[in-house]
Amino acid sequence: MNKLLLVPLMALSFAAFAQEPAADAAITDQFTPPMIPHPVAAYLPITPTKNACLMCHQIPKPGMQKMKGMPTPLPPSHVTGDKVNPNRYECMLCHAEVLPEKK
Ligand code: HEC
Ligand code: HEC
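Here goes a summary of the coordinates provided. (Residues numbered from 1 in each chain as written. Chains lettered and ligands numbered in written order. Predicted model: local features only at pLDDT ≥ 70, side-chain atom pairs only at ≥ 80, totals over all residues. Heavy atoms only, no water.)

**With respect to the coordination of the iron atom of ligand 2**
Step number 1: Binding of the iron atom of ligand 2 to the protein goes through His78 (NE2) and His95 (NE2), at separations of 1.9 to 2.0 Å.
Step number 2: Classification of the site at the iron atom of ligand 2 rests on its 6 donor atoms, whose angles at the metal span 88 to 179°, yielding the label octahedral. With His78 in the loop between helix 3 (53–56) and strand 1 (79–80) and His95 in the segment after strand 2 (83–84), this residue pair connects regions lying 17 residues apart in the sequence.
Step number 3: Given a relative accessible area of 13%, His78 falls into the buried group. (Donors = N, O, S within 2.8 Å, 3.2 Å for Na, K, Ca; no water. Tetrahedral: all angles 85-135°; square planar, octahedral: opposite > 155°, others 65-115°. Helix = DSSP H or I, 4+ residues; strand = E, 2+ residues; numbered from the N terminus. Buried < 20%, exposed > 50% of the residue type's maximum accessible area, 1.4 Å probe, protein only.)

**Considering the side chain of His95**
Step number 1: Assessed through its relative accessible area of 18%, His95 is described here as buried.
Step number 2: Of note is the side chain of His95, whose polar atom sits 2.8 Å from the backbone oxygen of Pro34.
Step number 3: Ignoring sequence-local partners within four residues, the contact set of His95 consists of Pro33, Pro34, Ile36 and His78. (Polar contact = N/O pair within 3.5 Å; in protein donor to acceptor, adjacent residues only side chain to side chain. Contact = heavy atoms within 4.5 Å.)

**Here's the deal with the pattern of salt bridges**
Step number 1: Under the definition given, this model contains 1 salt bridge.
Step number 2: Lys83 is paired through a salt bridge with Asp82; the nearest N and O atoms lie 4.0 Å apart.
Step number 3: Taking the relative accessible area as the measure of exposure, Lys83 reaches 55% and is therefore exposed. (Salt bridge = Lys/Arg side-chain N within 4 Å of Asp/Glu carboxyl O.)

**A closer look at the site of ligand 2**
Step number 1: Taken together, 24 residues surround ligand 2, and among them Ser77, His78, Cys91, Cys94 and His95 come closest.
Step number 2: One of the side-chain nitrogen or oxygen atoms of His95 is found 2.8 Å away from a nitrogen atom of ligand 2.
Step number 3: Mapped onto the shell around ligand 2, the elements with two or more residues apiece are helix 2 (27–31) and helix 3.
Step number 4: Top element by residues in the shell around ligand 2 is helix 2. It accounts for 3 residues. (Near = heavy atom within 4 Å.)

**Comments concerning the site of ligand 1**
Step number 1: As a matter of local geometry, ligand 1 sits amid 21 residues, with His38, Cys53, Cys56, His57 and Gly69 nearest to it.
Step number 2: Within the side chain of His38, a nitrogen or oxygen atom sits 2.8 Å from a nitrogen atom of ligand 1.
Step number 3: Residue Lys66 places a side-chain N or O atom 3.1 Å away from an oxygen atom belonging to ligand 1.
Step number 4: Of the residues assigned to the shell around ligand 1, the class counts are 14 nonpolar, 5 polar and 2 charged. (Nonpolar A, V, L, I, M, F, W, Y, C, P; charged D, E, K, R; others polar.)

**Some points on the coordination of the iron atom of ligand 1**
By definition of the ideal shapes, a tetrahedral metal site with four donors has angles of 109.5 degrees and an octahedral site with six donors has angles of 90 or 180 degrees.
Step number 1: Each protein donor to the iron atom of ligand 1 is listed here as His38 (NE2) and His57 (NE2); together their distances run 2.0 Å.
Step number 2: Here the iron atom of ligand 1 is ringed by 6 donor atoms whose angles at the metal span 87 to 179°, and the overall shape comes out octahedral. With His38 in the loop between helix 2 and helix 3 and His57 in the loop between helix 3 and strand 1, the pair connects residues that are 19 residues apart, well separated along the chain.
Step number 3: Under the relative-accessibility criterion, His57 is labelled partly exposed at 24%.

And the structure:
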């Protein structure tokens, strides 16, 4: 790739990640989307008006915690204000199902 193009691209990606809480999380946690441990076929496709993932993976309310067996609330990186960040709306761009269902 053209080196001149790469520089602004890198700057952009750093800017995007700068909003995420660094805290003490391992670097891999910040950049690696967790695998989806359940089938997703029933929830696809995601359309501009319908995103079934959000029925369960909701914007966390204050005090809401991650609990085993319960749908994990959306992490702060996925939320802007009181809405899902548009860059995170297409869940399947980043998250993959552990064992995809046979079609
Ligand atoms: C019917 C409710 C439901 C729907 C709809 C749903 N999920 Fe889940 N999801 C769950 C549950 C329950 C878990 C397991 C939480 C746990 O690890 O105990 C889970 C786990 C996950 C995880 C792993 C979270 C982690 O902390 O590692 C991801 C990623 C995920 N789902 C993505 C998706 C995506 C993408 C969609 C839409 C295609 C979707 N889910 C639709 C209930 C749902
Ligand atoms: C641009 C890539 C990207 C998209 C799109 C995306 N995610 Fe994620 N997701 C990540 C990454 C990276 C992480 C781990 C770091 C973090 O928590 O931000 C993550 C973490 C998660 C977690 C785990 C949170 C936790 O506390 O363990 C859930 C649940 C989740 N995403 C659900 C979704 C759902 C539902 C959608 C669609 C509405 C979605 N993601 C769209 C990249 C993405």
